[in-house]
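# Coordinate analysis (summary)
Each chain, written out:
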Amino acid sequence: MGDLKESKAQRAERLKRELNPWEAYEIIERFAREGHAAITQEWGTYFRWWGIYSQGDGVGAVGGRGGEGRATKHFMVRVRIPNGIVAAPQLRTLADVTDRYARGIADLTVRQNVQLHWVTIEDLPPLMHALWRAGLTSLGACGDVTRNVTGCPLAGVDAEEVVDASPLVFEATRLLNGNPDFYNLPRKYKVTITGCRTWCSYPEINDVGLTALRHPASGEPGFSLRVGGGLSTDPRLAERLDAFVRWHQAVPVVRAVTEIFRDSDVLREHREKARLKFLFLRHGWTAERFLAEVEARLGYALDRATEEPRPEEVYRDHVGIHPQRQPDLCYAGATVLRGRLTAAQLRAVADAAERHGDGQARTTTMQNVVVVNVRRERVGALARELAQAGLPTGGSPFRRGTIACTGTEFCKLALTETKEFSRRLVEDLERRLPSFHEHVKLHVTGCPNSCGQHWIADIGVEGKKLKIDGALVDAYYFCVGGALGARQAVARPIGLRVPASEVASAVERLLRAYLAERHAGETFRAFAARHDDATLRAWLAGGPVPAAERDPAGGLLPAGVDA
């Protein structure tokens, strides 16, 4: 018998068994000395444990084969920002490395990270050393590990929060990131711990989500526990377990869930089905079984859950000027269109934070930035400085509510360009609907992997390709009605795929129908929920049309990697 070909999952598991990349940084230093040609094939995988991905050639998946595009000699470096908390000196370091190594641009991600591009192998060590000197790191920002642990960017300043949970975020980060016990998980793993009432860090779509509440009998602050959330090609909202988690139990509970995930060998059989949610989706796990496993790992039983109100439909974007819990202090949330910042803008945020506050800023899961602890009498001047830097503390619903993934500009898996498309889309909708003031979340993702989180958007568009007059063009498929909180729902694929050039017209038609047909006080989400797919599709298309398949037979698909 001939040699059996190693599957993608088998190769990944073998590589992880052979080396813990966190213990091999000196190899990156060697590659930097010897040049790009010295990089071994295995390190195309191992780099990820250091927050490093090879960069695509600007064409995306269609430029390669097997659903993955060609890599260039440049790299993406993702910087962890736990809880989104960043100080002015760190922002200046990010600005400096952005200028020096990343051609002047940095992207905020939906996990409160900062992402750099155009980094060469020779520049990786000086970039990483600069980050370390500033108290920042790229360690564990990619790979089969715990990604950046997120939390409410207003932790400690929100006047309505149940508790400041940021100390738990940092404790969980110290436990999981860099710890050899947790370098080898079946796939990426996402944790959020929030003390706010609006769940702005999206616990519903994390592998582990802790949301703060007070026990109705004792008034003690604690947490609800959710597990198994995630988007990508198999979206699933997290399962709430029957447990009230006390403060001192929170990090042990996170550890127990992480161990369950780590030790689930059944999840290591298929890379596309390796996230924690697949214990529920494919392997018959229930909430009761999962809780029993957690308690077995802990060695004690958790108190039973108490009633928890889920937040109503809110933006969760923190844009605007608002009072803090501290007297005479405010925070100012600035809109970062498509999450893209220049080095000059990073410095402007740092300067404004120091000049008008105490030098503290936060990144958000909606790709925005917040300056906190601003003296009330200085907040107007701060807002003017941010606006002059192209970071207004207000804006249209489209500017505030649009999210965009990386797209083909840098990503090897994407099918469409997203960042420039999103900028043009926002500006086009602002011209078309200048008086539209309702909250609407418009998410743009360049492929089915949903890094742009289109499944939880009011209107989500998923990147595709169409052949028009013999040429492949960027196109988007519409999903409508996603929501989290009190009316949580995965957006519905409604059967319409149009060229990118027609997306703005389609969105305008749908929103005009909403304005004309809505009930008094009705949100867009509620409006979408009471209409069927055919009706929504007709409004988008400008008339009745048959439903289109998301991916026609023989169509182009990115690699099935649940990216």
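One structure accompanies this document, and this report is about it.

## So, the sheet that holds strand β13 (residues 340-342)
Spatially, five strands are ordered β1-β2-β5-β4-β13 in an open sheet, and the strand pairing comes out antiparallel. Whereas interior strands pair on both sides, the edge strands pair on one side only; in this sheet they are β1 (52-56) and β13. The mean inter-strand angle of the sheet, taken between neighbouring strand axes irrespective of direction, is 35°. Where strand β2 (residues 71-79) meets strand β5 (residues 114-119), four bridges bridge the pair, whose relative direction is antiparallel. Within β5, the position partnered with R78 by the bridge is Q115. Here helix α5 (residues 124-133) sits on the sheet in contact with β1, β2 and β5, set at roughly 5° to β2.

## As for the pairing of strand β7 (residues 208-214)
Counting buried residues along β7, six of its seven residues qualify, which places the element largely inside the surrounding structure. Bridge analysis of strand β6 (residues 191-194) against β7 gives four bridges, and the strand direction is parallel. Looking at β7, one finds that T194 is bridged to T211. Here seven bridges tie β7 to strand β8 (residues 221-227), and the two strands are oriented antiparallel to one another. Within the sheet, the bridge partner assigned to L213 lies in β8 and is G222. Counted between consecutive antiparallel strands, the loop separating β7 from β8 contains six residues, among which G219 sits at a positive phi close to 80°.

## As for helix α7 (residues 250-262)
Taking 1.5 Å of rise per residue, the 13 residues of α7 would be expected to cover 18 Å, and the 18 Å separating its terminal C-alpha atoms lies within 8% of that figure. Across the 13 residues that make up α7, a large majority, ten, are buried. Listing the buried residues of α7 in full gives A250, V251, V253, V254, A256, V257, T258, E259, I260 and F261.

## A word on the sheet that holds strand β15 (residues 369-375)
Reading across from one edge, β3-β14-β15-β12-β11 is the order of the five strands in this open sheet, with antiparallel pairing throughout. One side of each edge strand has no neighbouring strand; the edge strands of this open sheet are β3 (85-87) and β11 (320-323). Strand-to-strand twist of the sheet, defined as the mean angle between neighbouring strand axes without regard to direction, takes the value 25°. In terms of strand pairing, strand β14 (residues 360-363) meets β15 through three bridges, oriented antiparallel. In the sheet register, T363 faces β15, and the bridge partner there is V369. Set on the sheet, helix α4 (residues 88-101) makes contact with β3 and β14; between it and β3 the angle comes to about 85°.

## Brief notes about the pairing of strand β17 (residues 442-445)
Burial of β17 is two-sided: the residues L442 and V444 facing one way and the residues H443 and T445 facing the other way are all buried. Inspection of the sheet shows strand β16 (residues 402-404) paired to β17 by three bridges, in the parallel sense. Along β17, the bridge assignment pairs T402 with L442. For the crossover that starts at β16, traverses helix α13 (residues 419-432) and ends in the parallel β17, the hand is left-handed. For β17 and strand β18 (residues 459-468), the ladder comprises four bridges, and the chain directions are parallel. Note on β18: the bridge partner recorded for T445 is E462.

## Remarks on the packing of α7 against helix α9 (residues 287-298)
At a minimum axis separation of 9 Å, α7 and α9 run at an interaxial angle of 110°. By the criterion of interaxial angle, the relationship of α7 to α9 is roughly perpendicular. When the axes of α7 and α9 are compared, the crossing they make is right-handed. Residues P252, V253, A256, V257, E259, I260 and R262 of α7 lie in contact with α9, whose contacting residues are F290, E293, V294, R297 and L298. When its residues are assigned to classes, the contact of α7 with α9 shows eight nonpolar, no polar and four charged.

What counts, and where the lines are drawn
- Residues numbered from 1 in each chain as written.
- Predicted model: local features only at pLDDT ≥ 70, side-chain atom pairs only at ≥ 80, totals over all residues.
- Heavy atoms only, no water.
- Pairing = 2+ DSSP bridges.
- Helix = DSSP H or I, 4+ residues; strand = E, 2+ residues; numbered from the N terminus.
- Axes fitted to C-alpha atoms, helices over the stretch in contact; angles between N-to-C directions.
- Contact = heavy atoms within 4.5 Å.
- Buried < 20%, exposed > 50% of the residue type's maximum accessible area, 1.4 Å probe, protein only.
- Expected span 1.5 Å × (residues − 1).
- Right-handed = clockwise from strand over helix to strand, strands pointing away.
- Parallel < 35°, antiparallel > 145°, perpendicular 65-115°, else oblique.
- Left-handed = near helix turned anticlockwise from the far one by under 90°.
- Nonpolar A, V, L, I, M, F, W, Y, C, P; charged D, E, K, R; others polar.

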